[in-house]
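# Structure assessment
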Amino acid sequence: MKRIRTKCIVCLSVTVLLVLSALALTGCGKSVFGLNENTEKRMVIEAKNAQKDAFFSVGSLEVDEGEKIEISSDLKKGSVRVEIIGMPGEQSIDKLPEMDGEPIITADLTTTDGCAGTVAAGSYMLSATCLEKATGTIQIEVKPAE
């Protein structure tokens, strides 16, 4: 009887350890793909084990006369496509903005890639798509054109 009880305790202990290990490992694999900073002049995309085809769209960057949009990447792995899309000048609270406009700037970024473009003054939306499983950050900033 003592031997059966000891075996049950050992089996129960091993089972508890396996369950706790499985729970700990699931926390390590969490995937993140989104913005961790969003202002009118700066957006920062954060990717942590972001899965291929993950995407989001947000707005809006405000570009004034004599400014440009600069995109820089600090990805440790993977690839992300960033698109800057012009938003219509007049918007109504009763109507959703058009999200399928043609991109003004498109950049497929890996590691420390970057690009910049001078655009007309106005409001712009950001669309980001994970092309390959990615980890790292991407900065989108509105800066004075030189």
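Quick look at the structure, then.

## Considerations on the overall build of the protein
Of the regular secondary structure elements, the protein holds one helix and seven strands. For the protein, the α and β elements follow one another from N to C terminus as α-β-β-β-β-β-β-β. Per-residue burial for the protein yields a buried fraction of 29% across its 146 residues. Sequence-distant contacts in the protein: of pairs separated by 6 or more residues, those separated by 24 or more amount to 73%.

## A word on the side chain of Glu-46
With respect to the element layout, Glu-46 can be found in strand E2 (residues 42-50). Side-chain polar atoms of Glu-46 contact the side chain of Lys-48, separated by 3.4 Å. Those residues in contact with Glu-46 that lie beyond four places of it in its chain are Val-32, Phe-33, Gly-34, Asn-36 and Gly-136.

## Some remarks on the packing of aromatic side chains
Enumeration according to the criterion identifies one aromatic pair in this entry. Where Phe-33 meets Phe-56, the ring centres are 5.2 Å apart and the plane angle is 65 degrees; that geometry is what we call edge-to-face. Placement of Phe-33 in strand E1 (residues 32-38) and of Phe-56 in strand E3 (residues 55-63) is noted, with a sequence separation of 23 residues between them. Across the pair, Phe-56 and Phe-33 agree in class, each one buried.

## Concerning the nonpolar core
Within the largest apolar cluster, 26 residues are counted, with the highest numbers of intra-cluster contacts made by Ile-69, Val-82, Ile-84 and Ile-140. The set of elements that each furnish at least two residues to this core consists of E2, E3, strand E4 (67-86), strand E5 (103-110) and strand E7 (122-144). If one sorts the elements of this core by residue count, E7 sits on top with eight residues. If we skip the residues at most four places from it in the chain, Ile-140 touches Lys-41, Arg-42, Met-43, Ile-45, Leu-61, Ile-69, Glu-70, Ile-71, Val-82, Ile-84 and Leu-126.

What counts and how
- Residue numbers restart at each chain and count upward from 1, following the sequence in its written direction.
- In view of the model being predicted, local features appear only for residues whose pLDDT reaches at least 70, and side-chain atom pairs are presented and counted only at 80 or more, with totals across whole chains, interfaces and linings using the full set of residues.
- Derived side-chain values reflect all non-hydrogen atoms in the structure, with water molecules and hydrogen atoms excluded from consideration.
- Helix and strand definitions follow DSSP, with helices as H or I runs of at least four residues and strands as E runs of at least two, each counted in order from the N terminus.
- Each residue is placed in one exposure class: buried if its accessible area under a 1.4 Å probe, protein chains only, is under 20% of its type's maximum, exposed if it is over 50%, and partly exposed if it falls in between.
- Here a residue-residue contact requires only that any non-hydrogen atoms of the pair lie within 4.5 Å.
- Identification of polar contacts relies on pairs of N or O atoms within 3.5 Å, with a donor-acceptor requirement for protein atoms, meaning one able to donate a hydrogen and the other able to accept it, and with residues adjacent in sequence counted only if both atoms are side-chain atoms.
- Pairing of aromatic rings covers Phe, Tyr and Trp, the last through its six-membered ring, and needs centres within 6.5 Å; plane angles under 30 degrees mean stacked, over 60 mean edge-to-face, and all others mean tilted.
- Here, nonpolar core refers to any group of buried Ala, Val, Leu, Ile, Met, Phe, Trp, Tyr and Cys residues whose side-chain atoms link them within 4.5 Å.

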